[in-house]
Amino acid sequence: MVNVLGLDIGGANTKVAYIRTLEGVIGSVEVFVEYFPVWKNFKGLVGVLGKLREFVGGDFDVVGVTMTAELSDVYRTKREGVEHILGCVFEVFGGVPVFVLRSDVSLVSLEEALVSPLGVASANWVATGWLVGQYFEDCIVIDVGSTSTSIIPVVKGKVVAQGVTDLDKLLYGELVYTGCLRTNLAAIVQAVPIRGAVAGVSSELFALSGDVHLVLGNITGEQYTCETADGKGVMRSDALTRLARLVCADTEMLTEDELIQVAKYVYEKQIQQIFSGLSKVYNRVKDMGVTKISILTAGLGKDFLAKVAAERLGTDSILIMDLGKLLPDKVSLAVPAVGVALMAAKHCEVIEK
């Protein structure tokens, strides 16, 4: 039996998976998530990791690490971000073997990761693809989180993404920078229809995608876990107030029905953003000769964004499945953390043999 901790250190959320495995098979899993905006207090990362270690409790044999927080603009370069993040990991978990995930689907030591920091930067999507590949031969994973959407192709159980860096993935449609909570609405739409006309939108940070999904009932106030644009509440009325500011108005100027129509329009455009990336990836997988492709949805937006976008492929040759129903639901909300934990467990078992 191997007890493993998997860390997915993001710019806004840090996720931890604690798994117990036997011969590479997961026996039990616990997931913990801590909202921590790295750009506001990067020096506090050590404290957050220490807190999560206490949450987990118990002993563990190995730690697997992946990250996206190095992209935060608190760091001048990704190299600087990786060095700081791994330094924090070492400070908290230095007494335990630590392995860091690379984008080439390998695990390396902390020392090796520091020699080639771009190789481990924003590699958490690899853990997702690798984990899914343990169970499915040919599929595409759509993981919609609070901030972004990863679209990961798997063929014959292997990750076959064209992109390695975030820049590559943006070019190839494998990364869509739209999420179900933290996206500035001005990054989704430049104009919205109101009263039979079209109004341009303000590029101020007045409202987030979380407001749209709260108004439409796609999420609950409890699921709105990030800070709001105005620092106020997560009641539906609060979201309507923020949504009105998208067009420099307020709830005395626009009716609730008008604001609901705005929300529906933004929602539709967000689905289109994800569908655009998915179409590129889907067509490439088909070009590889794959005729039956499963679409697996994960993350907070799995039902109302990922699934809806997948349905628009409009083909009988795909099967859309909720990863949360194939694996424990808690896994689907922190797939990279669970994936890197299982990778570390298997890596540890190989070393022991």
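Just so we're clear, the structure is a prediction, and the values are computed from it rather than from any experiment.

Here's the deal with the overall build of the protein chain
Then step 1. Secondary structure assignment for the protein chain yields twelve helices and 14 strands.
Then step 2. Computed over the C-alpha atoms, the radius of gyration of the protein chain is 20 Å, within 12% of the 20 Å expected from 2.2 N^0.38 for a compact globule of 353 residues.
Then step 3. In terms of overall dimensions, the protein chain has C-alpha extents of about 70 × 50 × 35 Å along its principal axes.
Then step 4. Counting across all 353 residues of the protein chain, residues that qualify as buried make up 54%.
Then step 5. For the protein chain, the exposed surface amounts to about 15,200 Å²; the carbon and sulfur share of it is 52%.

Some words on a nonpolar patch on the surface
Then step 1. A cluster of nonpolar residues, Leu71, Leu170 and Tyr177, forms a patch on the protein surface that exposes about 280 Å² of accessible area.
Then step 2. Positionally, Leu170 belongs in helix H5 (residues 166-172).

Some remarks on the pairing of strand S12 (residues 197-200)
Within a regular beta strand, the side chains point alternately toward one face of the sheet and then the other, so they alternate between its two faces.
Then step 1. Pairing analysis gives four bridges linking strand S11 (residues 191-194) to S12, with the strands arranged antiparallel. Looking at the pairing, Pro193 lines up with Val198 of S12.

Some thoughts on the environment of Leu86
Then step 1. Tracing the backbone through its elements, the reader meets Leu86 in helix H2 (residues 78-93).
Then step 2. Spatially, the C-alpha atoms of Leu86 and Met1 are 27 Å apart, while their sequence positions differ by 85 residues.
Then step 3. Those residues in contact with Leu86 that lie beyond four places of it in its chain are Val65, Met67, Val100, Leu110, Ala113 and Leu114.

Quick notes on the side chain of Ser122
Then step 1. On the secondary structure map, Ser122 appears in the loop between helix H3 (110-115) and helix H4 (124-133).
Then step 2. By relative accessible area, Ser122 is classed as buried at 2%.
Then step 3. Reaching out from Ser122, the side chain makes a polar contact with the side chain of Asp166 at a distance of 3.2 Å.

So, the side chain of His213
Then step 1. Secondary-structure assignment places His213 in helix H6 (residues 209-215).
Then step 2. In this structure His213 comes out as buried when scored by relative accessible area, which is 0%.
Then step 3. Once residues lying within four places of it in the same chain are set aside, the contact partners of His213 are Cys180, Asn218, Ile219, Tyr267, Gln270, Phe304 and Leu305.

Topic: the sheet that holds strand S6 (residues 107-109)
Then step 1. Judged by pairing direction, the sheet is mixed, and its six strands sit side by side in the order S3-S2-S1-S4-S5-S6 without closing on themselves. If you trace the sheet from one side to the other, it starts and ends with strand S3 (25-35) and S6, each paired once. When strand polarity is set aside, the average angle formed by the axes of neighbouring strands in this sheet is 25 degrees.
Then step 2. As paired elements, strand S1 (residues 2-9) and strand S4 (residues 62-67) share six bridges and run parallel to each other. Across the sheet, Asp8 pairs through a bridge with Thr66, a residue of S4.
Then step 3. Against the sheet, H2 engages S1, S4 and strand S5 (98-101), with an angle of about 160 degrees to S4.

With respect to the nonpolar core
Soluble globular proteins tend to bury their nonpolar side chains together.
Then step 1. With 54 residues, the main nonpolar core has Ile140, Ile142, Val192 and Val266 as its most contacted residues.
Then step 2. Elements supplying a minimum of two residues to this core: strand S7 (139-144), strand S8 (149-155), S11, H6, helix H7 (236-245), helix H8 (256-287), strand S13 (293-298) and helix H9 (302-311).
Then step 3. Of the residues forming this core, the biggest block, twelve residues, is contributed by H8.
Then step 4. Among residues more than four places away in sequence, those in contact with Val192 are Ala197, Val198, Ala199, Val201, Leu246, Val247, Val262, Tyr265 and Val266.

Details of the packing of H8 against H9
Then step 1. Contact geometry of H8 with H9 gives a least axis separation of 9 Å together with a crossing angle of 55 degrees. With respect to each other, H8 and H9 are oriented oblique. Once H8 is placed against H9, the crossing between them reads as right-handed. Only Phe304, Leu305, Val308, Ala309 and Ala310 of H9 make contact with H8, whose side of the interface consists of Tyr267, Gln270, Ile271, Ile274, Phe275 and Leu278.

Considerations on the pattern of salt bridges
Opposite charge on two side chains permits them to pair, given that their charged atoms come into close proximity.
Then step 1. Enumeration over the complete set of coordinates arrives at ten salt bridges.
Then step 2. Residue Arg242 is joined to Asp211 by a salt bridge in which the shortest nitrogen-to-oxygen separation is 2.7 Å. Highlighted residues: Arg242 in helix H7 and Asp211 in helix H6, separated in sequence by 31 residues. You'll find Arg242 and Asp211 in the same group, each marked buried.
Then step 3. The network of salt bridges with shared partners includes Asp211, Asp230 and Arg242.

Some remarks on unusual backbone geometry
Then step 1. One non-glycine residue with positive phi stands out, namely Val105, at about 65 degrees.
Then step 2. By relative accessible area, which is 35% here, Val105 ends up partly exposed.
Then step 3. Even without glycine at this site, Ser122 takes up a positive phi of about 45 degrees.

Describing H4
Then step 1. Most of H4 sits inside the fold, with ten of its ten residues counted as buried.
Then step 2. Within H4, burial applies to Asn124, Trp125, Val126, Ala127, Thr128, Gly129, Trp130, Leu131, Val132 and Gly133.

Rules and cut-offs
Residues numbered from 1 in each chain as written. Predicted model: local features only at pLDDT ≥ 70, side-chain atom pairs only at ≥ 80, totals over all residues. Heavy atoms only, no water. Helix = DSSP H or I, 4+ residues; strand = E, 2+ residues; numbered from the N terminus. Rg over C-alpha atoms; globule rule 2.2 N^0.38 Å. Buried < 20%, exposed > 50% of the residue type's maximum accessible area, 1.4 Å probe, protein only. Areas by Shrake-Rupley, 256 points an atom, 1.4 Å probe, with all protein chains shown as cover. Patch = residues over 30% accessible without salt bridge, like charges linked within 9 Å, V, L, I, M, F, W, Y side chains within 5 Å. Salt bridge = Lys/Arg side-chain N within 4 Å of Asp/Glu carboxyl O. Pairing = 2+ DSSP bridges. Contact = heavy atoms within 4.5 Å. Polar contact = N/O pair within 3.5 Å; in protein donor to acceptor, adjacent residues only side chain to side chain. Axes fitted to C-alpha atoms, helices over the stretch in contact; angles between N-to-C directions. Core = buried A, V, L, I, M, F, W, Y, C linked by side-chain atoms within 4.5 Å. Parallel < 35°, antiparallel > 145°, perpendicular 65-115°, else oblique. Left-handed = near helix turned anticlockwise from the far one by under 90°.

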